[in-house]
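Okay, here's what each chain looks like letter by letter:
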Amino acid sequence: MPHVLVFDSGIGGTSVLSHLQLAMPMAQYTYVMDNKLLPYGLQSQETIKGRLVALLDWIKQSKKQVDVIVIACNTASTYALETARMHTTIPIVGVVPAIKPAARTSVKKHIGLLATPATSKNTYTANLISAFAKDCQVEIYHSTQLVSIAEHFYWHKEIQSNQLKAELERLNVSNKLDRLVLGCTHFPIIREQLQKCLSQEIGLVDSGEAIARRVQHILSYNVKKDKCNEVGPVHWYATAPDNLEKSADISLLKLVN
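Cut-offs used in this document
- Residues numbered from 1 in each chain as written.
- Predicted model: local features only at pLDDT ≥ 70, side-chain atom pairs only at ≥ 80, totals over all residues.
- Heavy atoms only, no water.
- Axes fitted to C-alpha atoms, helices over the stretch in contact; angles between N-to-C directions.
- Helix = DSSP H or I, 4+ residues; strand = E, 2+ residues; numbered from the N terminus.
- Parallel < 35°, antiparallel > 145°, perpendicular 65-115°, else oblique.
- Left-handed = near helix turned anticlockwise from the far one by under 90°.
- Contact = heavy atoms within 4.5 Å.
- Nonpolar A, V, L, I, M, F, W, Y, C, P; charged D, E, K, R; others polar.
- Buried < 20%, exposed > 50% of the residue type's maximum accessible area, 1.4 Å probe, protein only.
- Arc of directions from axis to C-beta.
- Polar contact = N/O pair within 3.5 Å; in protein donor to acceptor, adjacent residues only side chain to side chain.
- Phe/Tyr/Trp six-rings, centres within 6.5 Å; stacked < 30°, edge-to-face > 60°.
- Lys NZ or Arg CZ within 6 Å of the ring centre and 35° of its normal.
- Salt bridge = Lys/Arg side-chain N within 4 Å of Asp/Glu carboxyl O.

**Focus: the packing of helix α7 (residues 145-156) against helix α8 (residues 161-171)**
So, step 1. The N-to-C vectors of α7 and α8 enclose an angle of 155 degrees; their axes lie 10 Å apart at closest approach. When the axes of α7 and α8 are compared, the pair comes out roughly antiparallel. Remark: the crossing between α7 and α8 carries left-handed chirality. Touching Gln145, Leu146 and Ile149 of α7 are Gln163, Leu164, Glu167 and Leu171, all from α8.
So, step 2. Of the residues assigned to the contact of α7 with α8, the class counts are 4 nonpolar, 2 polar and 1 charged.

**Comments concerning the packing of helix α1 (residues 14-23) against helix α10 (residues 208-219)**
So, step 1. Direction vectors running N to C along α1 and α10 enclose 50 degrees, while the axes themselves pass 8 Å from each other. One way to sum up the angle between α1 and α10 is to call them oblique. Judged by the sense of rotation from one axis to the other, the crossing of α1 with α10 is right-handed. In this structure, α1 uses Val16, His19, Leu20 and Ala23 to contact α10, whose residues at the interface are Gly208, Glu209, Ile211, Ala212, Val215 and Gln216.

**A closer look at helix α6 (residues 123-132)**
So, step 1. Those residues of α6 not exposed but buried are Thr125, Leu128 and Ile129. When α6 is viewed along its axis, its buried side chains cluster within an angular range of 95 degrees and face the same direction.
So, step 2. Among the structural elements, α3 (74-85), α4 (99-105), β5 (110-115), α5 (117-121) and β6 (137-142) are those in contact with the buried residues of α6.
So, step 3. A distance of 3.2 Å separates the backbone nitrogen of Tyr124 from a side-chain oxygen at the start of α6, and that oxygen is part of Asn122.

**Let's talk about the packing of aromatic side chains**
The description of an aromatic ring pair uses the distance of the two centres, along with the angle that the planes make with each other.
So, step 1. In total, this model carries 4 aromatic pairs according to the counting rule given.
So, step 2. When the ring of Tyr154 is compared with that of Trp155, the centres are 5.0 Å apart and the planes differ by 90 degrees; the resulting orientation is edge-to-face. You'll find Tyr154 and Trp155 in the same group, each marked buried.
So, step 3. The ring of Tyr154 has Lys157 sitting right over it, with the charged end atom 4.9 Å from the ring centre.

**Concerning the pattern of salt bridges**
Oppositely charged side chains can form a pair if their charged atoms are brought close together.
So, step 1. In total, this model carries 9 salt bridges according to the counting rule given.
So, step 2. Where Lys49 meets Glu46, a salt bridge forms, and the shortest distance between an N and an O atom there is 3.8 Å. One end of the pair, Lys49, and the other, Glu46, are both in helix α2 (residues 45-61), 3 residues apart, so they sit about a helical turn from each other.
So, step 3. Taking the shortest distance from any N to any O, the salt bridge between Asp206 and Arg191 comes out at 2.1 Å. Here the residue Asp206 occupies a position in the loop between β8 (203-205) and α10, and Arg191 occupies one in helix α9 (residues 191-197), the gap between them amounting to 15 residues.

These figures capture arrangement, not role.
Laid out in structure tokens, this is it:
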């Protein structure tokens, strides 16, 4: 079975991992989170490039047979995807804000992007908007607080309602738009809670399903042959396991620039 490695600064990438597991339940998965530097939305471009190069060095040195790497972080992908590809022959799939499908399906031609500051302000994202949303009015909202709220929800299975309400009041998402791109992989984890707080006419759009299809294509994965209804175990790694809020079988990984 193919081996897919999913990388993010925290547990946001699990929103992409879940789509991968649905599409390819019999594949082998490794999940790596650089939670020592969580959130990546507050890190510099050079720092993120260094962490990805270090990840690739670790894969090589550990002799892991990885077939596809998924950088399940919008900030890391928009900042360092090309740099990472220069350091390995393993196919790398990045996650970038779903501007194109949001613009394509918008009736009002008025869309929003909700992302971390690093993603929402960088040149790559600006180019996506220029290329695929020329005919749309685009509102941009950035938040790192929602990353913390999603992390807490994942580990504790409870939503910090007051913090969520306060953050959405600060963001003041316009009720006039009809598509809101979830431009951080943490945000789909609290999709249901976000939708309840926003206008029901606003459709939330993310890249998870598209990424799964892309990985299937790269691997030439035959879904019809995959008759297994059970998802195999995921091998977890973290850069700061002591900081995790849940007891789990997570191995220590040191990423040295």
